[in-house]
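Structure assessment
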Amino acid sequence: MQSPTPWVPQQPATRTEIDAKLTVELASVVAAARRRALRDGDRQIDTAHLLHSLIETDPGVRTALGDVAQVARVLGYLVQRSIGYGLRWQGSVEHSGAVPGVRGSAVRDRHAEVPGWSPSAVVAMESAIERAGLRGGARAGGVDLLAGIAADRECRAVEVLGRAGVDVELLAGRLAALSRHVSQG
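A short tour of the structure in this document, coming up. (Residues numbered from 1 in each chain as written. Predicted model: local features only at pLDDT ≥ 70, side-chain atom pairs only at ≥ 80, totals over all residues. Heavy atoms only, no water.)

1. What to know about the side chain of Asp42
What counts here: Think of it this way: any DSSP run of H or I at least four residues long counts as a helix, any run of E at least two long counts as a strand, and we number them from the N terminus. In protein, a polar contact requires one atom able to donate a hydrogen and another able to accept it; more generally it is a pair of N or O atoms within 3.5 Å, and residues adjacent in sequence count only if both atoms are side-chain atoms.
Looking at the element boundaries, Asp42 is found in the loop between helix 2 (24-40) and helix 3 (47-57). Polar contacts involving the side chain of Asp42 include one to the side chain of His49, which spans 2.9 Å.

This is the structure in structure tokens:
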């Protein structure tokens, strides 16, 4: 059996293209992140919105992050976003130079054109879709997106994870190893 070709868009991804490559559960996470961004007064979904929704809804993501106390610390920082922590992000676009070494600057630059998404969020989502394809999955799930987020050491979600005491390098390594294990198995 031939393994599926990873999804790599040649043009800027659209919301419809992204949504078509997500599990029902991950599509629900994206919808919740969109509502959260709107409620917070943000123009775009960013990686912190996605992380917050992932943790609230996906048990696999909570397991990957560690024990209950670790998950609670991360959620604590995410909740503080609208009441203090993260206010400096309000009104700004998240663009961290997402996933250095994986995607070239020309590819990153085109993400700025995706309406309603920060460039870093788009790259994280595209990384999730690519990861799902490499492991033979037709659609990306929550852990795929967590891996896409963790791969970008400068995005907002990784900043939150780090402040909450998550060793992001260790997390990214565990998720990469899990992905290799699943694709070989």
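From this point, the narrative continues.
2. Looking at helix 7 (residues 119-134)
Put simply, the rule reads: Multiply 1.5 Å by the residue count of a helix minus one, and that product is the helix's expected span. Here's how the labels work: a residue is buried when its accessible area is under 20% of the maximum for its type, exposed when over 50%, partly exposed in between, all with a 1.4 Å probe on protein chains only.
In a regular helix each residue adds 1.5 Å, so 16 residues correspond to 22 Å; helix 7 covers 22 Å between its end C-alpha atoms and thus fits that length. With 14 of its 16 residues buried, helix 7 lies for the most part within the structure. Two residues or fewer after helix 7 comes Gly136, characterised by a positive phi angle close to 90°.

3. Details of the packing of helix 5 (residues 68-80) against helix 9 (residues 156-163)
Each pair of packed helices can be described by the angle between their axes along with the distance between the axes. Threshold: Axis lines are fitted to C-alpha atoms, over the contacting stretch for helices. Their N-to-C directions set the angle, which ranges from 0 to 180 degrees. Angles are sorted into four bins: roughly parallel if under 35 degrees, roughly antiparallel if over 145, roughly perpendicular if 65 to 115, and oblique for all others. Left-handed describes a crossing in which the near helix is turned anticlockwise from the far one by less than a right angle; the clockwise case is right-handed. Pairs of residues are marked as contacts when any of their non-hydrogen atoms sit within 4.5 Å.
One can describe the packing of helix 5 onto helix 9 by two numbers: an axis separation of 8 Å at closest approach and a directional angle of 125°. Regarding the angle of helix 5 to helix 9, the classification is oblique. Like other packed secondary-structure pairs, helix 5 and helix 9 cross with a definite hand, here right-handed. Counted together, Val74, Tyr77 and Leu78 of helix 5 and Val160, Leu161 and Arg163 of helix 9 form the full contact between these two elements.

4. Thoughts on the pattern of salt bridges
The following threshold applies: Salt bridges are defined as contacts in which a side-chain nitrogen from Lys or Arg sits within 4 Å of a carboxyl oxygen from Asp or Glu.
Inspection of the entire model under this criterion finds 5 salt bridges. Across the salt bridge formed by Asp144 and Arg135, the nearest N and O atoms sit 2.4 Å from each other. Glu159 is the salt-bridge partner of Arg163, the closest N and O atoms lying 3.4 Å from each other. Of the two residues, Arg163 and Glu159 are both situated in helix 9; the distance of 4 residues between them amounts to about one turn of the helix. When its relative accessible area of 46% is taken as the criterion, Arg163 is described as partly exposed. For Glu159, a relative accessible area of 25% translates into the label partly exposed. Salt bridges linked by common partners bring Arg131, Arg135 and Asp144 together as one network.

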